[in-house]
Amino acid sequence: MKSVALHSLGCKVNRYETDVMSQMLQESGYNIVAFDEKADIYIINTCSVTQIADHKSRQMLHRAKRKNPDSVVVACGCYVETDKDKIKEDDSIDLIVGNNKKKNIVEILAEYFAEEEKEKTAGGISMTDINAPGQEYEQMELGHMPGHTRAYIKIQDGCNQFCSYCIIPYARGRIRSRLEADILTEVKNLAAEGCKEIVLTGIHVSSYGVDRGEPELLQLLQKLNEIDGIERIRLSSLEPRVITEEMANGMAVLGKVCPHFHLSLQSGCDNTLKRMNRHYTAAEYMDGVKELRKAYENPAITTDIIVGFPGETESDFEESRKFAEDINFYEMHVFKYSPRKGTVAAKMEDQLTDKEKTARSSVLLNMTKQQSKDFRSLFIGKKETILWEDVEKIGNESYLIGLTTRYVRVAIKEQDAERLNLSSGDTSEHTIKEFLSDDTLLIEL
């Protein structure tokens, strides 16, 4: 019995695919071990969204080979698709699996070891045999719960947006939507195992169904909302233009869709959005936020913002900063622009210095710290439903940590949780008492 250690970098799609590969391998007789253990096979599901992600992917691949020089190191995912020449030359890598071939991991490993037995060669299967994103959705399915409380459900792959800074459409291919029936079957099976929360994920979730002619995301949510056992449905990153009055109101009447939405912004300046090829204006983004706030009471709205994009002037940044202030997000994920080889933006003039990017990043990070605290403060003294997850050490005490529907972290001392018979996977309602730490609230007993 060969041992396999898997590690996922980057997005929730990668995490879902890694969970599925792990389950398929386990069901085929492989022994799944932690990534920091010595293993016969290491599978790294790589990321290539930035140059830094490429670097981290290479680091993990090399680390695996150092851990066990006799192991078979498998590189799969987006880095495989975007830097093929470097991958071929990397002697830490024994086997390469492209983005649309992860579902075949058991067969690919079997073929590799059969070939190794016959010829005692370490080259494995050539990349051209198993690489390149396809034109059809790669069907993968979680057979059982990978964690205590929530499961990520991949509903689509690929992207047609071609933002000027992003390599992912080249790594993942064009949009491909999963069949609705397959999604519903997977979720029903997970619900039967005790799964209470699902997170719909994909490379461009907003485009679900578009490749078949019409958007189908709301229709899918309506059917998922009817599945017994599922208590919460979350959506990963959405494009702002998908949030129309019809969409916001349609979600709001579904009791299981959480009032927590990640709307990717990237910049609040129209000049910068145009150079990014983002296909919407700041005003259109604001319209989407207003629709959500009309449909829901205090929805948690989070976003991504890039600072220091090529050509971003001081006035452009100030426009973006003011827009983020006016929106008043629950949380902002702030990124300093990093040139990505192979993208349009990497060749643009007026690249900013790291010093300029760092200064602008600090401004937004300070803003989001205060905005996040203000948002959490809204719930002190209010009763919230909490889905409890894991025990965590905060200071010298152990706490059971949970999340509200708006993705606000809440804690209860471990001994109090035991007294109330609460554990991971349970749902309970409590009044919020006070802040335990900057990002965690404490319940009232």
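A few points on the structure.

About the cut-offs
Residues numbered from 1 in each chain as written. Predicted model: local features only at pLDDT ≥ 70, side-chain atom pairs only at ≥ 80, totals over all residues. Heavy atoms only, no water. Helix = DSSP H or I, 4+ residues; strand = E, 2+ residues; numbered from the N terminus. Core = buried A, V, L, I, M, F, W, Y, C linked by side-chain atoms within 4.5 Å. Buried < 20%, exposed > 50% of the residue type's maximum accessible area, 1.4 Å probe, protein only. Pairing = 2+ DSSP bridges. Axes fitted to C-alpha atoms, helices over the stretch in contact; angles between N-to-C directions. Expected span 1.5 Å × (residues − 1). Arc of directions from axis to C-beta. Contact = heavy atoms within 4.5 Å. Phe/Tyr/Trp six-rings, centres within 6.5 Å; stacked < 30°, edge-to-face > 60°. Patch = residues over 30% accessible without salt bridge, like charges linked within 9 Å, V, L, I, M, F, W, Y side chains within 5 Å. Areas by Shrake-Rupley, 256 points an atom, 1.4 Å probe, with all protein chains shown as cover. Salt bridge = Lys/Arg side-chain N within 4 Å of Asp/Glu carboxyl O. Lys, Arg positive; Asp, Glu negative; His and termini not counted. Charge placed at Lys NZ, Arg CZ, Asp CG, Glu CD. Polar contact = N/O pair within 3.5 Å; in protein donor to acceptor, adjacent residues only side chain to side chain.

**What to know about unusual backbone geometry**
Here the phi dihedral of phenylalanine 162 falls at roughly 55 degrees; this positive angle occurs in a residue that is not glycine. The topology assignment puts phenylalanine 162 in the loop between strand E6 (150–157) and helix H7 (168–172).

**A few points about the nonpolar core**
Ile43, Leu200, Leu221, Leu224 and Met251 are the most contacted members of the largest nonpolar core, which totals 78 residues. Per-element tally for this core: the top contributor is helix H5 (residues 105–119), with six residues. Listed in part, the 19 residues of the second largest apolar core include Ala5, Ala39, Cys47 and Tyr79.

**Some points on the sheet that holds strand E17 (residues 440–443)**
Here we have five strands rolled up into a closed barrel, ordered E13-E14-E15-E17-E16, and mixed in their pairing. Here the strands of the sheet are splayed against their neighbours by 50 degrees on average, with no regard to which way each runs.

**Details of helix H2 (residues 51–67)**
For H2, which comprises 17 residues, the first-to-last C-alpha distance of 24 Å matches the rise-based estimate of 24 Å (1.5 Å per residue) to within 8%. Among the residues of H2, those classed as buried are Ala53, Asp54, Ser57, Arg58, Met60, Leu61, Ala64 and Lys65. Here the buried residues of H2 occupy an arc of 160 degrees about the axis, which is enough to place them on one side. Contacts made by the buried residues of H2 are with strand E1 (3–8), strand E3 (41–46), strand E4 (72–77), helix H3 (78–82) and helix H4 (84–89).

**Description of the sheet that holds E6**
Read from one edge of the open sheet, four strands run E7-E6-E8-E9, paired in mixed fashion. With partners counted over all chains shown, the strands left at the sheet margins are strand E7 (176–177) and strand E9 (232–235), one partner each. Judged from the six bridges that link them, E6 and strand E8 (residues 197–202) form a sheet pairing that is parallel. Within the sheet, the bridge partner assigned to alanine 151 lies in E8 and is isoleucine 198. The strands touched by helix H1 (residues 12–27) within the sheet are E6 and E8, with E6 carrying the most contacts at an inclination of about 110 degrees.

**Describing the packing of aromatic side chains**
For the structure shown, the criterion picks out 11 aromatic pairs. Consider the rings of tyrosine 112 and phenylalanine 113, whose centres lie 5.4 Å apart with planes at 85 degrees: the pair is edge-to-face. Exposure remark for tyrosine 112: the relative accessible area of 2% places this residue in the buried category. Centroid distance phenylalanine 309 to tyrosine 337: 5.2 Å. Interplanar angle 70 degrees. Geometry classified as edge-to-face.

**So, a negative patch on the surface**
A cluster of acidic residues, Asp270, Glu284, Asp287 and Glu319, forms a negative patch on the protein surface. On the secondary structure map, aspartate 270 appears in helix H11 (residues 270–276). For aspartate 270, a relative accessible area of 34% gives the class partly exposed.

**Regarding the pattern of salt bridges**
Enumeration according to the criterion identifies 29 salt bridges in this entry. Between glutamate 392 and arginine 409 there is a salt bridge, with the nearest N and O atoms lying 3.0 Å from each other. Placement of the pair is glutamate 392 in strand E13 (residues 383–394) and arginine 409 in strand E15 (residues 409–413), with a sequence separation of 17 residues. On the basis of relative accessibility, which here comes to 33%, the residue glutamate 392 falls in the partly exposed class. In the salt-bridge network here, residues are joined through shared partners; they are Glu17, Lys102, Lys154, Asp157, Arg172 and Arg176.

**So, the environment of threonine 303**
For threonine 303, the location among the structural elements is in strand E11 (residues 300–307). Residue class for threonine 303 comes out buried when judged on its relative accessible area of 0%. Sequence spacing of threonine 303 and threonine 404 is 101 residues, and the spatial spacing of their C-alpha atoms is 18 Å. If we skip the residues at most four places from it in the chain, threonine 303 touches His262, Leu263, Ser264, Leu265, Tyr285, Phe329, Glu331, Met332 and His333. Separated by 2.5 Å, the side chain of threonine 303 and the backbone oxygen of leucine 263 make a polar contact. Within the local environment of threonine 303, its side chain forms a polar contact with the side chain of tyrosine 285, the two groups lying 3.3 Å apart.

**Structural notes on the side chain of serine 177**
Its place among the elements puts serine 177 in strand E7. Look at serine 177 and you get buried, because its relative accessible area is 8%. Looking at serine 177, its side chain comes within polar contact range of the main-chain nitrogen of glycine 209, at 2.8 Å. Here aspartate 211 takes part through its side chain, which lies 2.5 Å from a polar atom of the side chain of serine 177. Among all residues touching serine 177, those that are not within four sequence positions of it are Tyr137, Ile155, Gln156, Ser207, Tyr208, Gly209, Val210, Asp211 and Arg212.

Everything listed is a geometric property; what it means functionally is a separate question.
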